[in-house]
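Coordinate inspection notes
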Amino acid sequence: VTCRELTAFLDDYLAGELPAETRVRFEAHLAVCVNCHVYLAQYQETIELGRRAFVEDDETPAMPDDLIQAIVKSLKDE
Ligand SMILES: [Zn+2]
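Definitions and cut-offs
- All residue numbers here refer to positions counted from 1 along the written sequence of the relevant chain.
- In view of the model being predicted, local features appear only for residues whose pLDDT reaches at least 70, and side-chain atom pairs are presented and counted only at 80 or more, with totals across whole chains, interfaces and linings using the full set of residues.
- Side-chain numbers come from the whole structure's heavy atoms, not from hydrogens or water.
- In this description a helix means any DSSP run of H or I spanning at least four residues, a strand means any run of E spanning at least two, and both kinds are numbered starting from the N terminus.
- Only protein chains enter the accessibility calculation, which uses a 1.4 Å probe; a residue is then buried when its area is under 20% of its type maximum, exposed when over 50%, and partly exposed in between.
- A contact between two residues is defined here by any heavy atoms of the two lying within 4.5 Å.
- Only buried residues count toward a nonpolar core, which is a set of Ala, Val, Leu, Ile, Met, Phe, Trp, Tyr and Cys residues joined through side-chain atoms within 4.5 Å.
- Here, a salt bridge means any Lys or Arg side-chain nitrogen found within 4 Å of an Asp or Glu carboxyl oxygen.
- Polar contacts, as used here, are pairs of N or O atoms within 3.5 Å; protein pairs need one atom able to donate a hydrogen and one able to accept it. Residues neighboring in sequence count only if both atoms are side-chain atoms.
- A pair of Phe, Tyr and Trp rings is counted when the ring centres sit within 6.5 Å of each other, with Trp represented by its six-membered ring. The angle between the planes then sorts it: under 30 degrees is stacked, over 60 is edge-to-face, the rest tilted.

Moving on, we get to the overall build of the chain. What the chain contains, in helices and strands, is four helices and zero strands. Secondary structure elements of the chain occur, N-terminal to C-terminal, as α-α-α-α. In the chain, buried positions account for 14% of the 78 residues. At a minimum sequence separation of 6, the contacts of the chain that also span at least 24 residues come to 51%.

Following this line, the structure appears as structure tokens:
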């Protein structure tokens with residue numbers, strides 16, 4: 001597993017959706033690669049912060065119209 005592959009699989013890894021064989025190689029790389037170890041820690045922290053913000057936010061604020069328009073436009077452009 002390379003660092004690039006590891007970051008690509010990170011979502012599946014955290015979701016527990018990696019096949020066992022891939023997971024073993026993933027964790028073997030994590031054990032020896034400081035960069036990926038730090039990256040994973042920061043990634044999990046980011047997710048945790050996001051989740052906490054979401055839980056504390058009882059009412060989902062309405063999206064501003066211009067933001068919606070910008071998203072729609074970007075989707076069309078792609
Ligand atoms: Zn790495």
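Here we come to the nonpolar core. Listed in full, the nine residues of the largest apolar core are Leu6, Leu10, Tyr13, Leu18, Phe26, Leu30, Cys33, Cys36 and Leu40. Of all the secondary-structure elements, those providing two or more residues to this core are α1 (3-14), α2 (20-32) and α3 (34-56). No other element matches α1, which puts three residues into this core. The contact partners of Leu6, leaving out residues within four places of it in the chain, are Val1, Phe26, His29, Leu30 and Cys36.

With that settled, consider the pattern of salt bridges. Tallied over the full model, the rule gives three salt bridges. With a closest N to O distance of 3.2 Å, Arg51 and Glu48 form a salt bridge. Taken together, the residues Arg51 and Glu48, both in helix α3 and three residues apart, mark about one turn of the helix. Its relative accessible area of 33% is what places Glu48 among the partly exposed residues. Arg52 is the salt-bridge partner of Glu48, the closest N and O atoms lying 4.0 Å from each other. Of the two residues, Glu48 and Arg52 are both situated in helix α3; the distance of four residues between them amounts to about one turn of the helix. By relative accessible area, Arg52 is classed as partly exposed at 46%. It is possible to trace a salt-bridge network through shared partners that takes in Glu48, Arg51 and Arg52.

Structurally, His29 is set in helix α2. Only 3.1 Å separates the side chain of His29 from the backbone oxygen of Val1, close enough to count as a polar contact. Setting aside its immediate chain neighbours within four residues, His29 contacts Val1, Thr2, Cys3, Leu6 and Cys36.

Glancing now at the packing of aromatic side chains. Two measures describe an aromatic ring pair: the distance that separates the ring centres and the angle between the ring planes. All told, the structure shown has two aromatic pairs when counted by the stated rule. Geometrically, the ring pair formed by Tyr13 and Phe26 is stacked, given 4.2 Å between the ring centres and 15° between the ring planes. A residue pair is termed long-range when its members are at least 10 positions apart, and Tyr13 in helix α1 and Phe26 in helix α2 qualify at 13 residues. With a relative accessible area of 13%, Tyr13 lands in the buried category. By relative accessible area, which is 0% here, Phe26 ends up buried.

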